[in-house]
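Listed here are the chains, written in short residue letters.
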Amino acid sequence: MEKIQNDIDTLLVFMNDDLENQGMTIQQAYFDFTEGAGDFISFTAKNGWSKDDLYKIIKICITRSLIKNDYGNTLCEIKITEEGQSRAISVKHGKKRAYELGASMQIATLNVNGPAQVGNGNTQNFNMVFHELEQKIDASGASDEEKKEAKSRLAKLLEHPLVSAIAGGIAGGISGIAG
């Protein structure tokens, strides 16, 4: 199982590195992994993979929405998704694989009035969620003292090492929330 995870990481990092080297976004670039095409040759030569190994990992990544093919069942117009790019960046920068942690741990109670995503193996935009919480606190009818306390408690939650590790360091980007 670890080999599959490492192989997925290898493919995603390859794709993200190519985007960064070309200065392209995930919406702009397509990869051509058909046998003999440039991306196929570059990837298999660099990593020593067979065609079957590469195609197996591509199928797993498509199934997990880490990459996608907008044009059916071909290998010539593959795109990395936002989730795939996030994973590649985390892997490249040595973050713990928070996406592989089990969901058997309860950290706190979360009440949500609006769209939310909670689960095992999901990629979430933590910055957006916590900034929205901050905006809702500011817009509430609570006193300034209550707003300050709520923001302080939210910041304290984000400072906890376990929360920070699970969030993959993403929450650290909004550490000024209690200001």
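What you are looking at is a predicted structure, and each value in this text was computed from that prediction instead of being measured. (Residues numbered from 1 in each chain as written. Predicted model: local features only at pLDDT ≥ 70, side-chain atom pairs only at ≥ 80, totals over all residues. Heavy atoms only, no water.)

Between its first and last C-alpha atoms helix 1 (residues 2–22) spans 30 Å; for 21 residues at 1.5 Å apiece the expected length is 30 Å, and the two agree. Among all positions of helix 1, only Gln-5, Asp-7, Ile-8, Asp-9, Leu-11, Leu-12, Val-13, Phe-14, Met-15, Asn-16, Asp-17 and Leu-19 are buried. If you follow the buried residues of helix 1, they end up packed against helix 2 (38–47), helix 3 (51–63), strand 1 (67–69), strand 2 (78–80) and helix 4 (82–92). Looking one or two residues beyond helix 1, the residue adopting positive phi is Gly-23, at roughly 70°. (Helix = DSSP H or I, 4+ residues; strand = E, 2+ residues; numbered from the N terminus. Expected span 1.5 Å × (residues − 1). Buried < 20%, exposed > 50% of the residue type's maximum accessible area, 1.4 Å probe, protein only. Contact = heavy atoms within 4.5 Å.)

With that settled, the discussion passes to the pattern of salt bridges. Going through the model one piece at a time under the given rule, you end up with 6 salt bridges. With its nearest N and O atoms 2.7 Å apart, the salt bridge here joins Asp-17 to Lys-92. Remark: Lys-92 occurs in helix 4 and Asp-17 occurs in helix 1; sequence separation between them is 75 residues. Residue Asp-17 is classed as buried on the basis of its relative accessible area, which comes to 17%. Owing to a relative accessible area of 46%, Lys-92 belongs among the partly exposed residues under this scheme. For the salt bridge of Glu-35 with Lys-51, the shortest nitrogen-to-oxygen distance reads 3.3 Å. Separated by 16 residues along the polypeptide, Glu-35 in the loop between helix 1 and helix 2 and Lys-51 in helix 3 bring together distant segments of the chain. (Salt bridge = Lys/Arg side-chain N within 4 Å of Asp/Glu carboxyl O.)

The subject of this paragraph is the nonpolar core. Residues Leu-11, Met-15, Phe-33, Leu-54 and Ile-67 are the most contacted members of the largest nonpolar core, which totals 25 residues. If you list the elements that add at least two residues to this core, you get helix 1, helix 2, helix 3 and strand 2. Broken down by element, this core gets its largest block of residues, 7 residues, from helix 1. (Core = buried A, V, L, I, M, F, W, Y, C linked by side-chain atoms within 4.5 Å.)

In the predicted model, the protein carries a mean pLDDT of 78, and 70% of its residues have values of at least 70. When the elements of the protein are averaged for pLDDT, helix 7 (residues 161–166) gives the smallest value, 67, and helix 2 the largest, 94. Note on residues 120–124: pLDDT is under 50 here. Beyond four places in sequence and across chains, it has 11 contacts. (pLDDT = per-residue confidence, 0-100.)

Turning our eyes to something else, we now look at the packing of helix 2 against helix 3. Packing of helix 2 against helix 3 brings their axes to within 10 Å, and their N-to-C directions diverge by 110°. Here helix 2 is positioned roughly perpendicular relative to helix 3, judged by the angle of their axes. Across the interface between the two elements, Phe-40, Phe-43 and Thr-44 of helix 2 pack against Lys-51, Leu-54 and Tyr-55 of helix 3. Each residue belonging to the contact of helix 2 with helix 3 can be placed in one class, and the counts come to 4 nonpolar, 1 polar and 1 charged. (Axes fitted to C-alpha atoms, helices over the stretch in contact; angles between N-to-C directions. Parallel < 35°, antiparallel > 145°, perpendicular 65-115°, else oblique. Nonpolar A, V, L, I, M, F, W, Y, C, P; charged D, E, K, R; others polar.)

Packing of helix 1 against helix 3 leaves a shortest axis separation of 10 Å and a crossing angle of 90°. One element, helix 1, and the other, helix 3, form an angle in the roughly perpendicular class. Across the interface between the two elements, Ile-4, Asp-7, Ile-8, Leu-11 and Leu-12 from helix 1 touch Leu-54, Lys-56, Ile-57, Ile-58, Ile-60 and Cys-61 from helix 3. The class makeup of the residues in the contact of helix 1 with helix 3 is 9 nonpolar, no polar and 2 charged.

Note on placement: Thr-81 falls in the loop between strand 2 and helix 4. Note on Thr-81: relative accessible area 11%, which makes it buried. Within polar-contact distance, the side chain of Thr-81 engages the backbone nitrogen of Gly-84 at 3.1 Å. Each residue touching Thr-81, except ones within four places of it in the same chain, is listed here: Ile-26, Ser-65, Leu-66, Ile-67 and Lys-68. (Polar contact = N/O pair within 3.5 Å; in protein donor to acceptor, adjacent residues only side chain to side chain.)

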